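Structural description and commentary
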Amino acid sequence: MFNNDENTQNLNVIVELFGSDSEDELERHQKAKNQNIYLSNIQKNISGLNIYKNFLDTKSLNNINFHINNQNWFDPVNNINQKVYFGDIPQFLYENLIDELILRNVFKNNLHISDRFPLFDHLISNFYAPGEGLTHHIDLPHKFQDGIVICSIKGTCEMEFRLKNEQEYLQVIGVFLEPGDVVCLTGEARWKWEHGIRNKTYDKDFGGNMIKRTERISINLRKLKDEGLIGPPTTEEDS
Ligand SMILES: O=C(O)CCC(=O)C(=O)O
Ligand SMILES: [Fe+2]
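Residues numbered from 1 in each chain as written. Chains lettered and ligands numbered in written order. Predicted model: local features only at pLDDT ≥ 70, side-chain atom pairs only at ≥ 80, totals over all residues. Heavy atoms only, no water.

What to know about the layout of surface pockets
Here is the rule we go by: Using a 1 Å grid laid over the protein atoms alone, points where a 1.4 Å probe fits but cannot get out form a cavity; open sets with protein on both sides within 12 Å along at least 5 of 7 lines form a pocket; any residue with an atom within 4 Å of a point counts as lining. Grid points are joined across faces, edges and corners, and a volume is the space filled by probe spheres set on the points. A run of DSSP states H or I qualifies as a helix once it reaches four residues; a run of E qualifies as a strand once it reaches two. Both are numbered from the N-terminal end.
In this model, the largest pocket occupies a volume close to 310 Å³. Forming the walls of the largest pocket are 20 residues, and the residues nearest its centre are Q82, N126, Y128, G133 and L134. Put simply, the parts of the chain that give the lining of the largest pocket at least two residues each are β3 (122-128), β4 (134-137), β9 (194-197) and β12 (216-222). Estimates place the volume of the second largest pocket at around 170 Å³.

Quick look at the coordination of the iron ion (ligand 2)
Cut-off, in case you're wondering: Only nitrogen, oxygen and sulfur atoms within 2.8 Å of the metal, or 3.2 Å for Na, K and Ca, are treated as donors, and water is left out, so sites may look incomplete. A 1.4 Å probe rolled over the protein chains alone gives each residue an accessible area, and that area as a share of the maximum for its type sets the label: buried under 20%, exposed over 50%, partly exposed in between.
Coordination of the iron ion (ligand 2) by the protein involves H137 (NE2), D139 (OD) and H195 (NE2), with metal-donor separations of 2.1 Å. Assessed through its relative accessible area of 3%, D139 is described here as buried. Looking at H195, the relative accessible area reads 4%, which means it is buried.

Some words on the pattern of salt bridges
Rules: Here, a salt bridge means any Lys or Arg side-chain nitrogen found within 4 Å of an Asp or Glu carboxyl oxygen.
Overall, the coordinates contain 13 salt bridges when judged by the stated rule. E158 is the partner of K200 in a salt bridge, and the nearest nitrogen-oxygen pair spans 2.8 Å. Of the two residues, K200 sits in the loop between β9 and β10 (202-204) while E158 sits in strand β6 (residues 157-164), which places them 42 residues apart along the sequence. A relative accessible area of 17% means that E158 is categorised as buried. The partner of E194 in a salt bridge is R162, with the nearest N and O atoms 3.0 Å apart. In this pair, E194 sits in strand β9 while R162 sits in strand β6, placing the two residues 32 residues apart along the sequence. Both residues of the pair, E194 and R162, count as buried. Here the residues in one salt-bridge network are E158, K200, D203 and R213, joined through shared partners.

Rendered as structure tokens:
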């Protein structure tokens, strides 16, 4: 039998070795708080931007990755790093992402978006090799309606949002994205702000840690304008 002092000492050793639940809890709580502050600052600055952290759970992410692999969407060795669908979007994406977007009504502040049917009829999925980025752009205004979703399926990156006038960039804001995060673009975030990903091998997360990039996959959902399929002639490649 230990006496009380010995008991306390032993407990302290165990806590030092393994950490206590309440410390973990405290750390998790603090991390979530920092993350919320980080996100609300960004969203305050970019009107129409809505970020849902960890929107998808591991099960949905695994399901989506499984189907993407199974259907061989990407073949980076042969430069096949994009998959596009017009009209019908694959069922597994309804089951693991789109139904949830509808259920949680991610466009609830925009009835003209949330009431439309189907919510999306255009899908681009991108594959990025580690370090690879995406040129800053505004999704083609003559082609796609308001209300765009970018969902990170695999890998992390910092997505940059830029607002510019004729001469200069007025604001540049980075958002660290992880698998399961959903970014909704409406209004100014969709029509006025560019988004893009720099070519780089590390990104800063919301806690200031440098995170090494691995392969990344994203799903991008949009709704074509009626005239979007014809549209004015453009020399730009559709992004
Ligand atoms: O891949 C991403 O995360 C964003 C892609 C994008 O912005 C686009 O395809 O228009
Ligand atoms: Fe885009």
